[in-house]
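# Breakdown of the fold
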Amino acid sequence: MAAQTLYDKLWHSHIVSEEADGTCLLYIDRHLVHEVTSPQAFEGLKLAGRTLWRANSVVSTPDHNTPTDHWDEGIKDPISRQQVETLDANIKEFGALVYYPFKDKHQGILHVVGPESGATLPGMTVVCGDSHTSTHGAFGALAHGIGTSEVEHVLATQCLVAKKSKAMLVRVDGQLGRGVTAKDVALAIIGKIGTAGGTGYAIEFGGSAIRGLSMEGRMTLCNMAIEAGARAGMVAVDQTTIDYVKGRPFAPNAEQWDAAVANWRTLVSDDGAVFDAVVELKAEDIEPQVTWGTSPEQVLSVNGRVPDPAAESDAVKKGSYERALQYMGLSANTPITEIPVDKVFIGSCTNSRIEDLRAAASVVKGKKKADSVKLVMIVPGSGLVKAQAEAEGLDKVFLEAGFEWREPGCSMCLAMNADRLEPGERCASTSNRNFEGRQGQGGRTHLVSPEMAAAAAIAGHFVDVRTFA
Amino acid sequence: MKAFTQLNGVVCPLDRANVDTDAIIPKQFLKSIKRSGFGPNLFDEWRYLDHGEPGMDNSTRPVNPEFVLNFPRYAGAQVLLARDNFGCGSSREHAPWAIDDYGFRVVIAPSFADIFFNNCYKNGLLPIVLPSDVVERLFKECEAQEGYRLDVDLSKQTVTTPTGESFGFEVTAHRKHCLLNGLDEIGLTLAHADDIRAFEAKHRESKPWLFV
Ligand code: SF4
C-alpha cells in the first residue's frame with residue numbers, strides 16, 4: 001500500500017460508506033457535549049422521536065455558562081441557568097457514558113476534561129459542537145468541531161457526513177528557546193500562514209520541536225489549529241502520548257492495554273507519505289508572541305512594534321489593520337512592550353492545564369501584581385486541575401501575588417458568564433481568540449502564553465519573559 | 001430542512017474580511033435554547049449603538065446608521081455579499097440561524113471558514129464561493145447601482161447579474177441533492193443503519209477499548 005499520512009489512516013479506518021462524489025459516512029467514537037450547542041439538537045431528536053445511537057459515546061459537562069466564583073449561590077443569570085438545567089435534563093433523558101454536572105469535582109472545560117479522564121484516546125474520531133475540538137488531535141485522533149445540526153446527526157446515527165480535507169504538514173524542527181512555549185509556536189504558525197491558511201486542510205504538526213512538547217503543549221498547539229482555519233490538527237502518537245494515557249479512568253484496562261498500544265504505535269505518517277502542503281518553521285526563530293490586533297494572525301514577537309497600515313499595499317489588509325488599530329486603541333509603531341494591560345486572564349481550553357499553571361506560577365513566585373492592573377484571574381481548566389494545583393501550592397503563589405483563584409470553566413475566554421472586560425479595557429489573555437467583543441463588548445484582547453500573561457500582570461505591561469527577572 | 005432551488009434577490013455588501021461568528025451573533029444570544037429568533041441580533045454589535053442582551057425589545061434600540069445592514073437601500077436583502085474567510089471562529093450554528101432568520105438565503109464570498117460553510121447547508125442557506133475578482137466586481141456593481149439584484153440558480157449552479165452575465169459555482173452532488181429537495185439528512189443516514197451496525201461490530205471487535 002502507498003505510504004499514508006496519519007490523517008489518511010484515521011479517515012480510512014472510520015469510513016462506513018462512501019458516495020461517488022467522495023462524501024462519506026464517518027463513524028464517530030467519542031462525542032463531547034456541552035450546554036450551548038446541544039439544546040436544539042436534543043429538541044430535534046425529541047420532535048422526531050429519535051434516541052441516541054450509542055449513549056456511551058457521549059461525555060458531557062457544562063462549561064461555557066458556569067460561574068467561576070460564589071458557587072454556593074448557583075448560577076445567577078436565569079438564562080444561563082436554564083441552558084445548564086436543560087443539559088442536565090437532556091442527559092438524564094437520553095443517557096451518556098459520563099456526565100459531570102455543575103459543581104462536580106470533575107467539571108470543567110470539555111477539552112480539558114476529555115483528555116484528563118482518558119475519554120480521548122489515540123485513533124479515535126472525536127467530535128463536539130465546539131470549534132476547539134481540534135485540541136484532541138494531540139492524541140493522534142481525528143477531532144474536529146461540528147455545528148448543532150451535526151451534533152443531532154451524530155447523536156442519532158453515530159456518524160458524520162463529511163468529505164475528506166486536504167492534508168497539510170506543519171513541521172517545526174529544532175529546539176525551542178527558554179520562555180518559548182507551544183502557545184508561541186501556535187501563534188507564530190498562524191502569523192505565518194494566516195487565519196485562513198489552513199482552510200480546507202487537516203494539519204499534522206510534526207518535527208523535532210513538536211516531538212519535544214509535552215501532551216499539554218501538543219493540546220495547546222492543536223487547539224489553535226482552528227485559528228489557522230483548519231478544522232482538525234493532529235500530532236502523531238509516540239511514547240509521550242502513551243505515557244499520558246496510561247492509568248486514566250477511561251483508558252483501556254490491563255487486558256486490552258497491549259493490543260491498544262500496538263495499534264496506537266501505527267498512528268504516525270509513513271515515511272514518504274505525501275502532503276498537499278508543507279509549511280516549515282525553525283524552532284530557534286520563534287520568540288514569545290503577542291497579538292496586537294483583532295485576529296490571531298495579527299501577531300508579533302514581543303520585541304516588535306505595532307505595524308503601520310500606511311506601509312501596507314494590499315487595500316483589504318490595510319483597511320483591516322486600520323480598523324484593528326482603532327478598535328484596539330493603539331497607534332502605529334508602538335513597541336509591544338510599552339502596551340499597558342488592565343486585566344489578565346490565565347485560563348481557557350488553550351492554556352488552563354496543570355503545566356500552564358505551573359509555568360505561570362514560576363514567573364509569579366514571590367512577586368506582586370502591578371498596582372495599575374485591576375484584576376488577574378486564574379481559572380483552572382477543570383476541577384481536577386484545580387485540585388492538583390492546590391496540592392502543589394500554586395493557588396497560594398497566585399493569591400500572594402494579588403491574583404484571583406477561581407473555579408473551573410470557560411470564563412473570560414468568551415465572557416458568557418459574569419467574567420468579562422468592560423469597554424476599552426485591555427487584557428493579556430491566554431485564550432485563543434482576540435476578536436472584537438470576544439471578552440466583552442469593546443474589550444481589547446492580546447493573546448499570549450501563560451508565562452507572558454503572568455509577567456505582564458507583574459510588570460503592568462507586556463515584557464519579554466526571557467529577560468524578566 | 002428548507003429546500004433551496006432558485007432566487008432573485010437584493011444584494012447587501014458587507015465589505016470586511018475575516019468576519020467571525022462572534023460578530024455574526026454575539027455570545028450573549030447563544031444562551032437561547034431555540035433555533036429561531038436570532039435575526040434581530042444578527043451583527044448586533046455593529047448594527048446597534050447600545051449593548052444588546054437577550055430579551056430586549058430590539059425595535060426601540062438605537063441603530064448604527066453607518067452599518068450597511070441599516071441602509072434603507074438594502075432593506076429586504078436576500079443575498080449577502082462578503083469577503084474572504086467569512087464565518088471564521090466559533091462553530092456556533094447560531095450564525096447561519098441568525099443570517100437565515102434575518103432573511104438572507106445566499107452568502108457569496110471568495111472563501112468561507114469550513115465549519116460555517118458546512119453549517120449553512122444544514123439550514124437551507126446556500127454559501128457560494130466565487131473568485132476574488134468576480135466578488136470584487138459584484139461589490140462595485142452593487143455599490144454603484146441601487147436595487148442591485150442577483151439571480152441564483154442551484155440546479156444550474158449559476159449566479160447571474162442584472163446584465164445577464166453568469167458565473168458558475170461548485171457544490172458537491174450530495175449537498176446539492178439535499179438542498180434542492182430539502183431532505184432530512186438524519187433520515188437519509190438512518191437508511192444506512194445496517195451499514196453502520198456492520199461497521200460498528202467490526203470496529204468493536206478489532207478495537208474493543210473504544211467501547212468502554
Ligand atoms: S475555553 Fe473558550 S475556546 Fe475553549 S471551549 Fe470554552 S469558550 Fe470555547
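What counts, and where the lines are drawn
Residues numbered from 1 in each chain as written. Chains lettered and ligands numbered in written order. Predicted model: local features only at pLDDT ≥ 70, side-chain atom pairs only at ≥ 80, totals over all residues. Heavy atoms only, no water. UniProt positions renumbered as here; feature names shortened; annotations may be inferred. Helix = DSSP H or I, 4+ residues; strand = E, 2+ residues; numbered from the N terminus. Rg over C-alpha atoms; globule rule 2.2 N^0.38 Å. Buried < 20%, exposed > 50% of the residue type's maximum accessible area, 1.4 Å probe, protein only. Contact = heavy atoms within 4.5 Å. Areas by Shrake-Rupley, 256 points an atom, 1.4 Å probe, with all protein chains shown as cover. Polar contact = N/O pair within 3.5 Å; in protein donor to acceptor, adjacent residues only side chain to side chain. Pairing = 2+ DSSP bridges. Axes fitted to C-alpha atoms, helices over the stretch in contact; angles between N-to-C directions. Buried area = accessible area lost by both parts, 1.4 Å probe. Salt bridge = Lys/Arg side-chain N within 4 Å of Asp/Glu carboxyl O. Nonpolar A, V, L, I, M, F, W, Y, C, P; charged D, E, K, R; others polar. Phe/Tyr/Trp six-rings, centres within 6.5 Å; stacked < 30°, edge-to-face > 60°. Core = buried A, V, L, I, M, F, W, Y, C linked by side-chain atoms within 4.5 Å. Near = heavy atom within 4 Å. Domains from an automatic or database assignment.

Per an unreviewed UniProt entry, chain B goes by 3-isopropylmalate dehydratase small subunit and derives from Jeongeupia naejangsanensis. According to UniProt, the comment filed for chain B under the heading Function (unreviewed entry) is "Catalyzes the isomerization between 2-isopropylmalate and 3-isopropylmalate, via the formation of 2-isopropylmaleate." UniProt's Subunit (unreviewed entry) comment on chain B is quoted here verbatim: "Heterodimer of LeuC and LeuD."

If you check an unreviewed UniProt entry, chain A appears there as 3-isopropylmalate dehydratase large subunit from Jeongeupia naejangsanensis. Entered under Subunit (unreviewed entry) in the UniProt record, the comment concerning chain A runs "Heterodimer of LeuC and LeuD." Under the UniProt heading Catalytic activity (unreviewed entry), the entry covering chain A gives this text: "(2R,3S)-3-isopropylmalate = (2S)-2-isopropylmalate".

We now examine the overall build of chain A. For chain A, the count of helices and strands is 15 helices and 19 strands. Its C-alpha atoms give chain A a radius of gyration of 21 Å, near enough to 23 Å, the size a compact globule of 469 residues would have. Principal-axis analysis of the C-alpha atoms gives chain A an extent of 55 × 55 × 45 Å. Each of the 469 residues in chain A was classed as buried or not, and the buried ones make up 68%. Contacts in chain A between residues at least 24 apart in sequence constitute 76% of all its contacts with a sequence separation of at least 6. Approximately 15,300 Å² of chain A is accessible, and the part contributed by carbon and sulfur atoms is 49%.

We now examine unusual backbone geometry. Phi at Ala415 of chain A takes a positive value of approximately 60°, unusual for a residue other than glycine. For Ala415 of chain A, a relative accessible area of 4% gives the class buried. Here the phi dihedral of Asn85 of chain B falls at roughly 60°; this positive angle occurs in a residue that is not glycine.

Right, let's talk about the side chain of Thr68 of chain A for a bit. Residues and elements named next belong to chain A. Mapped onto the fold, Thr68 is located in the loop between strand S4 (58-60) and helix H3 (78-94). Assessed through its relative accessible area of 1%, Thr68 is described here as buried. Among the polar contacts listed, one links the side chain of Thr68 to the side chain of Asp419, at a separation of 2.7 Å. Ignoring anything within four residues of it in the chain, the contact list for Thr68 reads Met377, Val379, Arg406, Glu407, Pro408, Ser411, Asn417 and Asp419.

What follows is about the sheet that holds strand S9 (residues 166-173) of chain A. Consider a sheet: its strands pair through backbone hydrogen bonds, and that pairing is either parallel or antiparallel. Residues and elements named next belong to chain A. Read from one edge to the other, the open sheet built from four strands follows the order S11-S10-S9-S12, with strand pairing classed as parallel. The open sheet terminates on both sides in strands that have one partner only, identified here as strand S11 (232-234) and strand S12 (277-282). In this sheet, adjacent strand axes meet at a mean angle of 20° when their direction is disregarded.

Moving on, we get to the interface of chain B and chain A. On the side of chain A, 76 residues touch chain B, which itself brings 58 residues to the contact. Where chain B abuts chain A, roughly 5,600 Å² becomes buried across the two surfaces, and 56% of that area is made up of carbon and sulfur atoms. Summed over the three residues of chain B that lose the most area to chain A, namely Lys31, Ile33 and Trp209 of chain B, the buried surface amounts to 15% of that side. One can count five salt bridges joining chain B with chain A. Measuring nitrogen to oxygen at the nearest pair gives 2.6 Å for the salt bridge that ties Lys31 of chain B to Asp77 of chain A. Taken together, the connections running from chain B to chain A amount to 33 residue pairs in polar contact (both at pLDDT 80 or more). When contributions to the side of chain B that touches chain A are tallied by element, the ones reaching two or more residues are helix H2 (44-47), helix H3 (94-102), helix H4 (114-121), helix H6 (173-181), helix H7 (185-190) and helix H8 (193-206) of chain B. With eight residues, the single largest contributor to the side of chain B that touches chain A is H8 of chain B. Taken together, the residues that form the side of chain B that touches chain A break down as 19 nonpolar, 17 polar and 22 charged.

Attention now moves to the packing of aromatic side chains. One pass over the full model with this rule turns up 20 aromatic pairs over all chains. Judged by centre distance (5.4 Å) and plane angle (65°), the rings of Phe139 of chain A and Tyr244 of chain A are edge-to-face. Highlighted residues: Phe139 of chain A in the loop between strand S6 (125-128) and strand S7 (142-145) and Tyr244 of chain A in helix H9 (residues 239-245), separated in sequence by 105 residues. Tyr244 of chain A carries the same exposure label as Phe139 of chain A, and that label is buried. Relative to Phe117 of chain B, the ring of Phe112 of chain B has its centre 5.5 Å away and its plane inclined at 40°; by these criteria the two rings are tilted.

Bringing the nonpolar core into the picture now. One finds Phe43, Phe86, Ile108, Leu126 and Leu130 of chain B to be the most contacted residues of the largest nonpolar core, which totals 110 residues. Counting residues per element, this core draws most heavily on helix H15 (residues 450-459) of chain A, which supplies seven residues. Setting aside its immediate chain neighbours within four residues, Leu130 of chain B contacts Ile108, Ala109, Pro110, Val135, Leu138, Val159, Phe167, Gly168 and Phe169 of chain B. Counting 107 residues, the second-largest nonpolar core is a separate cluster that includes Tyr7, Ile15, Val59 and Val151 of chain A.

Here the focus is the environment of Ser134 of chain A. Residues and elements named next belong to chain A. When you line up the elements, Ser134 lands in the loop between S6 and S7. Taking the C-alpha atoms as reference, Ser134 lies 6.5 Å from Arg231; in sequence the two are 97 residues apart. Setting aside residues no more than four positions away along its own chain, Ser134 makes contact with Ala143, His144, Cys222, Asn223, Ala225, Ile226, Arg231, Ala232 and Gly233.

What follows covers the site of the ligand. Every residue near the ligand is listed here: His64, Ile109, His111, Asp130, His132, Ser348, Cys349, Cys410, Cys413, Leu414, Asn432 and Arg438 of chain A. Per-class residue counts for the shell around the ligand are five nonpolar, five polar and two charged.

In terms of domains, chain B is made up of domain 1 (6-181) and domain 2 (183-212). Computed over C-alpha atoms only, the centres of domain 1 of chain B and domain 2 of chain B are separated by 35 Å.

Before going further, it helps to examine the UniProt feature "binding site: [4Fe-4S] cluster" (unreviewed entry) in chain A. All names here are of chain A. The positions that UniProt labels "binding site: [4Fe-4S] cluster" (unreviewed entry) are, in the present scheme, Cys349, Cys410 and Cys413. Spatially, the listed residues are clustered: although they cover 65 residues, their C-alpha atoms lie within 8.6 Å of one another. In this structure, Cys349 sits in the loop between strand S15 (343-346) and helix H12 (354-364). Among the residues examined, Cys349 registers a relative accessible area of 7% and is labelled buried. For Cys410, the location among the structural elements is in the loop between strand S17 (404-405) and strand S18 (426-429).

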